[in-house]
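A structural walkthrough
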Amino acid sequence: MEILKQHRVHGGTLNYAHHQSASTGTKMTLSVYMPPGKGPFPYLIWLSGLTCTEENFTTKAGAYSAAAKHGVAIVAPDTSPRGERVADDPAYDLGQGAGFYVDATQTPWAPYFKMESYVARDLIEAVEGAFPLAPRRSIFGHSMGGHGALTLAMKYPDLFKSVSAFAPIASPTRCPWGEKAFGAYLGPDRDAWRGHDASLLIEAGKAAPFDDILIDQGTADAFLKEQLKPELLEAAAGKVGQKLTLRMQEGYDHSYFFMASFVSEHVAFHAARLA
C-alpha cells in the first residue's frame, strides 16, 4: 500500500492510496478515512456507481463527520481496473469506470475485470494489512455500487455484518444497464447472471444472515423506473420474510446531493451492527 496524500478531516485522517491487485493485475486506487484514535477500528466499504472513481464519494458524500462520531473507518475503492492495456468501451456504462463488481469471464474483459474478487479478497487484505482496522466490516454503495454491495454481502455473509444501499440497481438481469454489462462480462447464458442479481439472491434466501437491509431511493431519480426498480427488492423480501427497509425519499434524485442528505443515517445503521 502506497500512501499518495493525506488530509486531516473531522479529527481523523483521510488517506489516498494505491496498491497492486492480484485479481485485476493492475494498481487499484482508493481512499481510506481513519477516525480519531488509535484503533483498531471497524470499517465500512463504500462501492460507487457508474463513471465514478474513489474520488466521488470521498469529496461529495460528507460521510466523515458521522464516521468520526461513531468511530468507524470508511474505505472507498475505484469502480474498475484502469490503464492503457485494460479493455475499455466508449460508452459510460461498460468498461473502465463500470466494473459492475463481477468477475468477467468473457474476452476482452476477463484478464482484468475481476472486481468481485478484488473487493472480497484483495481490497480487504490490503487495507487490513496497512491500517489499524479490525476484521469487522459492513458494506454499502450507490447505483451500480448499491448492486455490488447487496450482492457481495449476500454472497459473502461471513465477511460483512450489515449492508445498505442508495438507489441500487435492484435486479440487473431485468434492466438495460445490467443486461448490457452482464452480456459483455459474463456472456449470453442468463443463468450465469442470476448469482449477481440482488432480488433473485433475496428470493433464494441469501439475505437471511442480515437482520435488516436499508435502502434509500429518491422519487425524482431519472433512472428509477427503467433501471433501478426497487419494488423488485421489496417483492423478493416479502416472498421470503426478509426484513428490508425501503425508504422512498420524496423529490430526491440520483446525485450525491441525495446521498449527502442521508449518509449519516447509513453510517449510524452500520455502526450499531458493527458494535
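Presented here is an overview of the structure given in this document. Counting of residues starts from 1 at the beginning of each chain's written sequence and follows it residue by residue. Only residues with pLDDT of at least 70 are given local features in this predicted model, and only at 80 or more are side-chain atom pairs given and counted; all residues enter the totals for whole chains, interfaces and linings. With hydrogens and water set aside, each side-chain value is computed from the structure's full complement of heavy atoms.

Some details on unusual backbone geometry
Note the following rule: Strands here are runs of E lasting at least two residues and helices are runs of H or I lasting at least four, both read from the DSSP assignment and numbered beginning at the N terminus.
The peptide bond linking G39 to P40 adopts the cis configuration, its omega dihedral lying at 5 degrees. Structurally, P40 can be placed in the loop between β3 (27-34) and β4 (41-47). With an omega of 0 degrees, the peptide bond running from T107 to P108 counts as cis. Tracing the sequence through the fold places P108 in the loop between β5 (73-77) and α3 (115-130). At A167, a position not held by glycine, the phi torsion is positive, near 45 degrees. Inspection of the secondary structure assignment puts A167 in the loop between β7 (163-166) and α5 (176-186).

Overview of the packing of aromatic side chains
For the record, the criterion: The rule is short: rings of Phe, Tyr and Trp, with Trp giving its six-membered ring, pair when the centres are within 6.5 Å, and they are stacked under 30 degrees, edge-to-face over 60, tilted in between. Remark: exposure states derive from per-residue accessible area (1.4 Å probe, protein chains only) relative to the maximum for the residue type, with buried under 20%, exposed over 50%, and partly exposed in between. A ring is considered to have a charge above it if a Lys NZ or an Arg CZ atom is located within 6 Å of its centre and within 35 degrees of its normal.
Throughout the structure, instances matching the rule amount to 16 aromatic pairs. Residues W46 and F166 carry aromatic rings whose centres are separated by 6.1 Å and whose planes lie at 55 degrees to one another, so their mutual orientation is tilted. Taken together, the residues span a long stretch of sequence, with W46 in strand β4 and F166 in strand β7 at a distance of 120 residues. What makes W46 buried here is its relative accessible area of 0%. Look at W177 and F223: their rings are 4.8 Å apart centre to centre, the planes differ by 45 degrees, and that puts the pair in the tilted class. Of the two residues, W177 sits in helix α5 while F223 sits in the loop between β8 (214-218) and α7 (224-228), which places them 46 residues apart along the sequence. Owing to a relative accessible area of 30%, F223 belongs among the partly exposed residues under this scheme. Among the aromatic residues, ring-to-ring pairing joins Y33, W46, F57, Y64, F140, F166, Y252, F258 and F262 into one connected group. Stacked on the ring of Y16, the Lys or Arg K5 has its end atom at 4.6 Å from the ring centre. The positively charged end of R273 is found above the aromatic ring belonging to F269, 3.9 Å away from the centroid.

Details of α5
Turn by turn, an α-helix covers 3.6 residues, leaving residues three or four places apart pointing in a common direction. Under the convention used in this document: The arc under discussion is defined with respect to the helix axis, by the directions toward the C-beta atoms. Throughout, a contact is declared for two residues whenever any of their heavy atoms are within 4.5 Å.
Among all positions in α5, only W177, G178, A181, F182, A184, Y185 and L186 are buried. In a view along the axis of α5, the buried residues occupy a sector of 165 degrees, so they form one face of it. The secondary structure elements touched by the buried residues of α5 are α4 (144-155) and α7.

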